[in-house]
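# Understanding the architecture of this molecule
As a plain string of letters, each chain reads:
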Amino acid sequence: MNCIFWVAIIAVVLVLAFLLAALAALRGKRPLGAIICLLAALLILAVALLLGTLMVAVAGYRAFTHEELAATILIDPRGERRFNAQVIFPDGHRVSYELAGDQVYVDAYLLKWKPAANFLGLHTAYDLDRIGGRYITLADEQQNLRTIYSLSRPKPIDLFGLRQRYLFLRFLLDAEYGSATFIGAGQKKTYEIRVSTSGLVAREIQEHGR
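Residues numbered from 1 in each chain as written. Predicted model: local features only at pLDDT ≥ 70, side-chain atom pairs only at ≥ 80, totals over all residues. Heavy atoms only, no water.

The secondary structure content of the protein amounts to five helices and nine strands. Listed by position from the N terminus, the elements making up the protein come as α-α-β-β-β-β-α-β-α-β-α-β-β-β. Put simply, of all contacts in the protein between residues at least 6 apart along the chain, 56% involve residues at least 24 apart. Of the roughly 13300 Å² of accessible surface on the protein, 64% is carried by carbon and sulfur atoms. (Helix = DSSP H or I, 4+ residues; strand = E, 2+ residues; numbered from the N terminus. Contact = heavy atoms within 4.5 Å. Areas by Shrake-Rupley, 256 points an atom, 1.4 Å probe, with all protein chains shown as cover.)

So, in structure tokens, the structure goes:
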């Protein structure tokens, strides 16, 4: 947005300068000079409007496709359907869990801002809620060992609680919903868990030498 601001300021200064020059030309009885200055002012204004439109479009595109790193997960198999999942948060805090299953399951609460708020730089807010082991088949899920732990951390301001308590916030927040993702746990791998405006996304990190 700073670029848009400076483009607008420069355009206004140049347009005013050419308008003053046109006025001076008219007073000096130089109609041709006045016409040239007016045309230059109109040209600068048109170019500034075009650049401003393009910058707004690009800024909006970046806002709506924004992704934020929520956690990095290192998976280390420890036996048949047993594995360790080490979770590294963006601030460097680490936690480790012994899980059972075929996959790692991660879910989160998300608050989705209205499009206008996205454009102003407010992106989807999230709170990682749980991590657990997940079995591929329903029968295994029902019969085998279940392992699930909390990922939620203390927060100075609970946006989700505020959203439930104050109805006027619905004019700023589009929706509150849950999102989940799950990734294979059969091999030693590293994944990034990212939050986009549509929910959680898991991406494998390719280590050097593989």
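One pass over the structure, following the stated rule, counts one aromatic pair. With a centroid separation of 4.9 Å and an interplanar angle of 25 degrees, the aromatic rings of Tyr97 and Tyr149 are classed as stacked. Remark: Tyr149 occurs in strand β6 (residues 148-150) and Tyr97 occurs in strand β3 (residues 94-100); sequence separation between them is 52 residues. Positioned above the aromatic ring of Phe182, the side-chain terminus of Arg134 is 3.8 Å from the ring centre. (Phe/Tyr/Trp six-rings, centres within 6.5 Å; stacked < 30°, edge-to-face > 60°. Lys NZ or Arg CZ within 6 Å of the ring centre and 35° of its normal.)

Strand order in the open sheet formed by five strands is β3-β2-β1-β8-β9, with antiparallel pairing between adjacent strands. Each end of this open sheet is capped by a strand with a single partner; those strands are β3 and β9 (199-204). Going from strand to strand, the sheet's axes swing by 25 degrees on average, the running direction of each strand aside. As paired elements, strand β8 (residues 189-196) and β9 share six bridges and run antiparallel to each other. Following the sheet pairing, Glu192 is matched in β9 by Arg203. (Pairing = 2+ DSSP bridges. Axes fitted to C-alpha atoms, helices over the stretch in contact; angles between N-to-C directions.)

Let us now look at the nonpolar core. If you look at the biggest cluster of nonpolar residues, it comprises 23 residues, and the most contacted ones within it are Ile73, Val104, Leu128 and Ile131. Elements with a contribution of two residues or more to this core: β1 (68-79), β2 (82-88), β3, β4 (103-113), β5 (125-134) and β8. Setting aside its immediate chain neighbours within four residues, Ile73 contacts Ala85, Gln86, Val87, Val104, Val106, Ile131, Lys189, Thr190, Tyr191 and Ile193. Residues Leu111, Ala125, Phe160 and Leu173 belong to the second largest nonpolar core, which totals five residues. (Core = buried A, V, L, I, M, F, W, Y, C linked by side-chain atoms within 4.5 Å. Buried < 20%, exposed > 50% of the residue type's maximum accessible area, 1.4 Å probe, protein only.)

Its location among the elements puts Glu192 in strand β8. With residues up to four places along the chain from it excluded, the contact list for Glu192 reads Leu69, Ala71, Thr72, Val201, Ala202, Arg203 and Ile205.

We now examine the side chain of Asp107. Topologically, Asp107 is positioned in strand β4. Classification of Asp107 as buried rests on a relative accessible area of 7%. Polar contacts involving the side chain of Asp107 include one to the side chain of Tyr105, which spans 3.0 Å. Those residues in contact with Asp107 that lie beyond four places of it in its chain are Leu128, Asp129, Arg130, Ser179, Ala180 and Leu200. (Polar contact = N/O pair within 3.5 Å; in protein donor to acceptor, adjacent residues only side chain to side chain.)

Once that is clear, we can look at unusual backbone geometry. Positive phi, close to 55 degrees, is recorded for Lys29, a residue that is not glycine. Position of Lys29 among the secondary structure elements: in the loop between α1 (2-27) and α2 (31-64). At Arg81, a residue that is not glycine, the phi angle is positive and equals roughly 55 degrees. When you line up the elements, Arg81 lands in the loop between β1 and β2.

Pairing of β1 with β8, which is carried by seven bridges, proceeds in the antiparallel orientation. The residue of β8 that forms the bridge with Thr72 is Glu192. Bridge count between β1 and β2: seven bridges; the pairing is antiparallel. By the bridge assignment, Pro77 is partnered in β2 with Phe83.

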